Amino acid sequence: MSVQLPKMTIIKNLNNIKNSFFSIENLAVSFFILVLFFLDRVSKIYVINNFNENSVYLNDYLNIDLLWNTGIGFGLFSTNSSLIYSLISILISFVVIFLLYLMLSSKKFDKFALAILIGGAVGNLYDRISYNAVPDFIDFHVGNFHWFIFNVADVFISLGIIFLIYNELFVIKKKYD
């Protein structure tokens, strides 16, 4: 009898995870992630096909300038080493899986913020796997000061992080003892 108890507990936990994953809320958030991924893909495909070699002036603060980023966010840790690149890509994959787990077990606002973050992370991970680099093309600048060149997925990642920090610092949460 004691042998069956842990087995039943494991099955019950797996059923709880399955049931929560297929909840309307989680399915809606998963669809939202796909929409964000699609928006990122459309923007990157458009820029890759139309602005490959040119830097395009849009206004005094914004240019389109396609660069291929082999590092992580904002070009950090860029390298020509395929081993380091692969290790970073594997690490990012595990982070995305962990974020998906957090999202599935989170409540409303955190779930939304994590979905935005995941949408961007999946977009950039897709590029890392498909192109062995991430196309960055949004060049924001003030005068001669240029911020790091980034893409739509980076905007989603940054917004997700900002929303999570805001929620943690400024939203009053009820604590249950």
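Everything below is about the structure shown above.
Predicted model only: the values in this text are computed from it and were never measured.

### Notes on the sheet that holds strand 1 (residues 55-59)
Phase 1 of the analysis: Spatially, 1-2-3-4 is the arrangement adopted by the 4 strands of the open sheet, whose pairing is antiparallel. Both edges of this open sheet fall to strand 1 and strand 4 (145-146), since each of them pairs with a single strand only.
Phase 2 of the analysis: With 4 bridges joining them, strand 1 and strand 2 (residues 62-69) adopt antiparallel strand pairing. Directly across from Asn59, in strand 2, lies its bridge partner Leu62.
Phase 3 of the analysis: Along the sheet, helix 2 (residues 24-50) makes contact with strand 2 and strand 3 (134-142), crossing strand 3 at roughly 85°.

### Side note on the nonpolar core
Phase 1 of the analysis: Counting residues in each nonpolar core, the largest one holds 12 residues, listed as Leu36, Val47, Ile48, Phe51, Ile64, Leu66, Ile116, Phe137, Ile138, Phe150, Val152 and Phe156.
Phase 2 of the analysis: Within the residue set of this core, elements represented by two or more residues are helix 2, strand 2, strand 3 and helix 5 (152-170).
Phase 3 of the analysis: Counting residues per element, this core draws most heavily on helix 2, at 3 residues.
Phase 4 of the analysis: Excluding its chain neighbours within four sequence positions, the residues that come into contact with Leu36 are Ala115, Ile116, Gly119 and Phe156.
Phase 5 of the analysis: Membership of the second largest hydrophobic core comes to 8 residues, among which are Val29, Met103, Ala115 and Leu117.

### With respect to the packing of aromatic side chains
Phase 1 of the analysis: According to the stated counting rule, one finds 10 aromatic pairs in the structure shown.
Phase 2 of the analysis: Between Phe37 and Tyr126, the aromatic rings sit 5.5 Å apart at their centres with planes inclined by 80°, giving edge-to-face as the arrangement. Placement of Phe37 in helix 2 and of Tyr126 in helix 4 (residues 108-131) is noted, with a sequence separation of 89 residues between them.
Phase 3 of the analysis: Three or more aromatic residues joined by ring pairs form one cluster here, namely Phe32, Phe109, Phe112 and Phe163.

### Describing helix 3 (residues 82-104)
Phase 1 of the analysis: Its 23 residues give helix 3 an end-to-end C-alpha distance of 33 Å, which sits within 8% of 33 Å, the value for a rise of 1.5 Å per residue.
Phase 2 of the analysis: Those residues of helix 3 not exposed but buried are Tyr85, Ile88, Ser89, Val96, Leu99 and Met103.
Phase 3 of the analysis: Buried residues along helix 3 sit against helix 2 and helix 4.

### Describing the packing of helix 2 against helix 5
Phase 1 of the analysis: The contact between helix 2 and helix 5 brings their axes to 8 Å, and the two run at 145°. Listed contacts from helix 5 to Leu36, Leu39, Asp40, Ser43 and Lys44 of helix 2 are Val152, Ala153 and Phe156.
Phase 2 of the analysis: Tallied by class, the residues present in the contact of helix 2 with helix 5 amount to 5 nonpolar, 1 polar and 2 charged.

### Digging into helix 5
Phase 1 of the analysis: Taking 1.5 Å of rise per residue, 19 residues should cover 27 Å, and helix 5 covers 26 Å from first to last C-alpha, within 8% of that figure.
Phase 2 of the analysis: For helix 5, every residue scored as buried is listed here: Val152, Ala153, Asp154, Phe156, Gly160 and Asn167.
Phase 3 of the analysis: Its buried side turned inward, helix 5 meets helix 2, helix 4 and strand 3.
Phase 4 of the analysis: Structurally, the start of helix 5 carries an N-cap: the backbone nitrogen of Ala153 is 2.9 Å from a side-chain oxygen of Asn151.

### Digging into the environment of Asn167
Phase 1 of the analysis: Assignment of secondary structure puts Asn167 in helix 5.
Phase 2 of the analysis: The buried category is assigned to Asn167, whose relative accessible area is 5%.
Phase 3 of the analysis: Looking at Asn167, its side chain comes within polar contact range of the side chain of Asp110, at 2.6 Å.

### Describing the pairing of strand 3
Phase 1 of the analysis: For strand 3, a buried count of 7 out of 9 residues is recorded, marking the element as mostly surrounded by other parts of the structure.
Phase 2 of the analysis: As paired strands, strand 2 and strand 3 are joined by 6 bridges and run antiparallel to one another. When the sheet's bridge partners are listed, Leu62 is paired in strand 3 with Phe140.
Phase 3 of the analysis: In this sheet, strand 4 lies alongside strand 3 in antiparallel orientation, the contact comprising 2 bridges.

Parameters at a glance
- Residues numbered from 1 in each chain as written.
- Predicted model: local features only at pLDDT ≥ 70, side-chain atom pairs only at ≥ 80, totals over all residues.
- Heavy atoms only, no water.
- Pairing = 2+ DSSP bridges.
- Helix = DSSP H or I, 4+ residues; strand = E, 2+ residues; numbered from the N terminus.
- Contact = heavy atoms within 4.5 Å.
- Axes fitted to C-alpha atoms, helices over the stretch in contact; angles between N-to-C directions.
- Core = buried A, V, L, I, M, F, W, Y, C linked by side-chain atoms within 4.5 Å.
- Buried < 20%, exposed > 50% of the residue type's maximum accessible area, 1.4 Å probe, protein only.
- Phe/Tyr/Trp six-rings, centres within 6.5 Å; stacked < 30°, edge-to-face > 60°.
- Expected span 1.5 Å × (residues − 1).
- Nonpolar A, V, L, I, M, F, W, Y, C, P; charged D, E, K, R; others polar.
- Polar contact = N/O pair within 3.5 Å; in protein donor to acceptor, adjacent residues only side chain to side chain.

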